Every structure is written in C-alpha cells, then in structure tokens.
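This is what each chain is made of:
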Number of protein chains: 2
Amino acid sequence: MSIKDEVSDKYSLRGRVYNRIREDILDGRYNNNDELKEIAIGEELGVSRTPVREAFRQLELEGLISIIPNKGAYVTGITVKDVKDIYMIRSKLEGLAARWAVDNITPEQMEEMEENIYLSEFHAGKNHTDQIAELDNRFHEIIYEACNSKMLENQLREYHEYVLRVRRKTLSKSGRSTKSTEEHKMIMEAIKSGDRDLAEKTANDHVINAYENMVKNGLYEAYPSDEKRNGDKNGQD
Amino acid sequence: MSIKDEVSDKYSLRGRVYNRIREDILDGRYNNNDELKEIAIGEELGVSRTPVREAFRQLELEGLISIIPNKGAYVTGITVKDVKDIYMIRSKLEGLAARWAVDNITPEQMEEMEENIYLSEFHAGKNHTDQIAELDNRFHEIIYEACNSKMLENQLREYHEYVLRVRRKTLSKSGRSTKSTEEHKMIMEAIKSGDRDLAEKTANDHVINAYENMVKNGLYEAYPSDEKRNGDKNGQD
DNA sequence: CCATGAATAATTGTATACAATTATACGAAA
DNA sequence: TTTCGTATAATTGTATACAATTATTCATGG
C-alpha cells in the first residue's frame, strides 16, 4: 500500500520539501483551501519548482492537498464527518491489529507495552499532557509493529496522521487520560493472556471511546466546516 | 485520504503516463522487481522525463512501485501474506460499508443491487465468467457508494485494485460464482430489511469466503514468492 | 583466471527555458 | 456605474540542460 518510509528520502530536495509542507499542514500552519504556489514554496526552501512539483504529487495522493489541473494546489480540509468515519474505520483496524498482535508480539514488545502503561499511569496522575500524548502514540505504535502485518501497519499509520491533525485542534481535557490508560491496560492484558477476541474488542472500544470523548470536548467547534451534501446520517451506532 | 479521482487528470501527459504504467502493472505486463527507466518509458509514450517522474512519485505512494533514491524505480510485488492481510482488512471494511449502507442506501441503489443479483443468478448458471466478474465488481461498488463515506469508499477502492491484481493471476474456477451470488443476496436482504448487524456480518463472511476459495484454487501457486522474515503466523482464525 | 580500480557510460536529481493555460487589469460600450 | 472583452501578467505543464550519482567496461596486476 503506501506511505511514509518509502517517501522519506529525507536528504533529497524533494524529500525535504515534502516533509516540510507535510509538517506545516499537519501542524495547522495553513488554513483550509490555502493555495500553495510552486515558486513561492521553492524560493522559501531555496529550491526550484521541479522537486516542489514532485512533492505536490505525493501530497495530493496522500490527500493533504488537492491539485486542480492548470490551476493550483490547495490544502484540503477534513470535515466533521470525515473525522468520525476515520475513527470508526480505525476502530475496526486497531481491533484487527490487537488480535494479530496476540499471536505475533515479541517478549520485548510486550515488555515495552507494560512499561508504557506503567509510565502512563504515573503521568496521568499528574496531568503531564505532553508525556501522555507521546506515550499514547507509542502504545499504538507498539501494537502496529506487533501485529506483524506491513499492510495493516501502513494503513494504521496513515490514519494516525489524521488523528494527530485533529488532536492538535481539540483541547485535551483532563479525565480522559486516566480512562485511556485503563483501556490500554485492558488491551495489554488481553494480548498477554492470549485472548484474541477480547483483544480485538477492547481495542475496538478504545478507539470509539476516544472518539466520543473528543466529540464531548468540542470536535464540532474545532471543525465547523462540514459539507452540506447528504448530511451526516450514518450515525445510529 | 487518497486516490484515484484526484489523480486521474487523464488529459495531461502526466496523467496519461500514470494511467498507462498503472494499467501495465495491474495487468501483469511487468514482472516483480522489473526496473522502470524514466527515459525508456518517456520515449515509449512520446513524452519527456518530467511527467514520467511525477507519475512515478504517485505510483510509489500507491505502492505499485518503489523508488530507491539515485538508483531507480522497481515494480513491487505483493506476497501471499500481503494478499491474506488485505482480504482480512477488507472483510472488516466491507462489513462497515454494508452496515452504513443500511442507513444510507437510496432506492435507486437498492434497485440496481437487486437487478445485479438477478443478472448474476442468470450468468452463474451459464458460467459466463466475464459477466460474473463484472457484476461482482459492480455489486461491491454499489455498497461503496451507498455507505455514504468518501473515506471508506476511497479506502475500499484502493484495496479493490489489489484484488483485481490477484484475481488476474488466480483462475476463477467454477462453483464459486453460484455461492458468491447467494452471499450477495444475503447481504442485500440484510440491508433491505434494515438489519445492520446482519449486513455487517454477512459482508464480513463474504470476503473471507472469497479469500478461502481463492486459496483452495491456487493462490499459493500464483504467488510463490513470499518473504522469509518472520514467517506467516498470524493465522489461527 | 580472477580481483581491483580507473575511465566511461548510463541514469537519476535538479534547475532552467519555453509553451499553454488561467488570472488580473483596465478601458470601452451600454 | 456596470459589464464585457482584450491585453497583460502570473502560474502551471512540459522539455531540455546540466550536475550528481551509480553502473559498466576494461585494462592492469596478482
């Protein structure tokens, strides 16, 4: 499938341009629908249009910008509904990853997971939001690695980018971190005990809980720009 | 996320190069690890290196080729395990799509679905493999459209490319088409009756059955080139 | 014969030049 | 004033030129 490691190539000009624009978008330094001009970006980074254009093509495929032929490249926003869909999809895929991790996790990965949770419990008690966010990311990364599927791993990483993007816009209110760590612990214990069904289910639920918490804490305020089209009606679950 | 419609741009040189190489790869006209030279491809299509390079960058992100900096672009193969993982992931996502379709399918889409199944039953009885394959694709497309999620739709389409790729290598032995149509019918009826859980479950099972059928009919002969690394052990389900 | 390494060729990476398309400015007519 | 159309500028699309890197050839020495 896709992404990331193949692209990196951090030491070519194109790679640097790609990473730079990508970061800027994910960090919210552009607004939705901002136009990216090849020359302007090239001058800013001291390169010609060629590597910029190539970077654009990749960013387009990744969905971070959209290119209209002969017109320009525009930063693409994601809607409230997109965010919801991503979380629902992630719920399923994280469940699958946790299930597969049961059979494939290494002792070292298991160890890191336990340590991760131990540290999380500490920081959750003190509201160290940066450390908590970092540990949270890492917990999921461990599962991605442990599931032993390059396909699934790549897919989940790709979605994770979007999560980071959203997280930057929604404040991380307290309360969640403790509960989140508890959920991580449940997933970990299910994996450790070899219970595939339980691992899958707890991971499913964890992602959905994270989503619901985000909604409560103002997702809709952070992303007011939903499209009108058919409305947001795939929701009853 | 990704893919396809944004890329198309069929009337630019880059778009034509992209589509051409893409088709060639998916149609199996290249072997695994074949090297793609910018100049050679450019001359073949009568264009310069610039649009070829841009097309390469997109194909790389799509996973169809892999670019090694300063060396070249190589057609990437997928392994037996990759195929399996894709089907397992698809099982979950098709289930989700069917679930969402319950709440979002339009009368027109429902009608097309019923017609699709009616025709499939006819052709399945006569072993019209081409028509059956076409109808099968279309059945899934309808669900993708009906789920009303651009995110999920794009994702499933991307995976579908891989399925087509595999299908071209594995012979479609008889027997399956009748059973497949029956399964489509079950999905359709679940959607029609508004039973979300059933729709999800029947779609889940359908994809897994398709996979198991493929294994029986020689997937492992068609894709002998699995990597050795950690072996294929995430399998007990 | 094989191994080594320098010279050469081939190929990719980047910059620039030119063509095609789209956006903008501005004046004339209603 | 507003609207329309043309001229101009700005921007993207493509081709080509040059630089940097990698592959190949082939002579030399062991």
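Since this is a predicted model, take the numbers as computed values, not measurements.

(A) A look at the pairing of strand β2 (residues 65-68) of chain A. Alternating residues of β2 of chain A divide into Ile65 and Ile67 of chain A, all buried, and Ser66 and Ile68 of chain A, none buried. Linking β2 of chain A to strand β3 (residues 72-75) of chain A, which pair antiparallel, is a turn of three residues; within it Asn70 of chain A sits at a positive phi near 65°.

(B) Broad picture of the pairing of β3 of chain A. Residue and element names in this part refer to chain A. Taking every second residue as pointing to the same face, both faces of β3 are buried, with Gly72 and Tyr74 on one and Ala73 and Val75 on the other. Of the pairings in the sheet, the one linking strand β1 (residues 35-36) to β3 comprises two bridges and is antiparallel in character. Its bridge partner lying in β3, Leu36 is registered against Ala73. In this structure, β2 lies alongside β3, joined through four bridges in antiparallel fashion. Bridge pairing links Ile65 to Val75 in β3.

(C) Region of interest: the protein's contact with DNA strand D. In the neighbourhood of DNA strand D, 19 residues make up the surrounding shell, with Arg53 of chain A together with Leu13, Ser48, Thr50 and Lys71 of chain B lying closest. Among the atoms of DNA strand D close to the protein, meaning within 4 Å, 67% are from sugar or phosphate groups. Asn70 of chain A is positioned with one of its backbone polar atoms (N or O) 3.2 Å from a phosphate oxygen of DNA strand D. One of the backbone nitrogen or oxygen atoms of Leu13 of chain B is found 2.6 Å away from a phosphate oxygen of DNA strand D. Within the residue set of the surface near DNA strand D, elements represented by two or more residues are α4 (49-62) of chain A together with α2 (13-26) and α4 (49-62) of chain B. Class assignment of the residues belonging to the surface near DNA strand D gives a composition of five nonpolar, five polar and nine charged.

(D) Focus on the packing of aromatic side chains. All names here are of chain A. Enumeration according to the criterion identifies two aromatic pairs over all chains in this entry. Geometrically, the ring pair formed by Tyr87 and Tyr211 is tilted, given 5.6 Å between the ring centres and 40° between the ring planes. Of the two residues, Tyr87 is situated in helix α5 (residues 80-104) and Tyr211 in helix α10 (residues 196-216); the sequence distance between them amounts to 124 residues. Note that Arg90 overlies the ring of Tyr87, its terminal NZ or CZ placed 5.7 Å from the centroid.

The rules we used
Residues numbered from 1 in each chain as written. Chains lettered and ligands numbered in written order. Predicted model: local features only at pLDDT ≥ 70, side-chain atom pairs only at ≥ 80, totals over all residues. Heavy atoms only, no water. Buried < 20%, exposed > 50% of the residue type's maximum accessible area, 1.4 Å probe, protein only. Helix = DSSP H or I, 4+ residues; strand = E, 2+ residues; numbered from the N terminus. Pairing = 2+ DSSP bridges. Near = heavy atom within 4 Å. Polar contact = N/O pair within 3.5 Å; in protein donor to acceptor, adjacent residues only side chain to side chain. Nonpolar A, V, L, I, M, F, W, Y, C, P; charged D, E, K, R; others polar. Phe/Tyr/Trp six-rings, centres within 6.5 Å; stacked < 30°, edge-to-face > 60°. Lys NZ or Arg CZ within 6 Å of the ring centre and 35° of its normal.

Everything listed is a geometric property; what it means functionally is a separate question.
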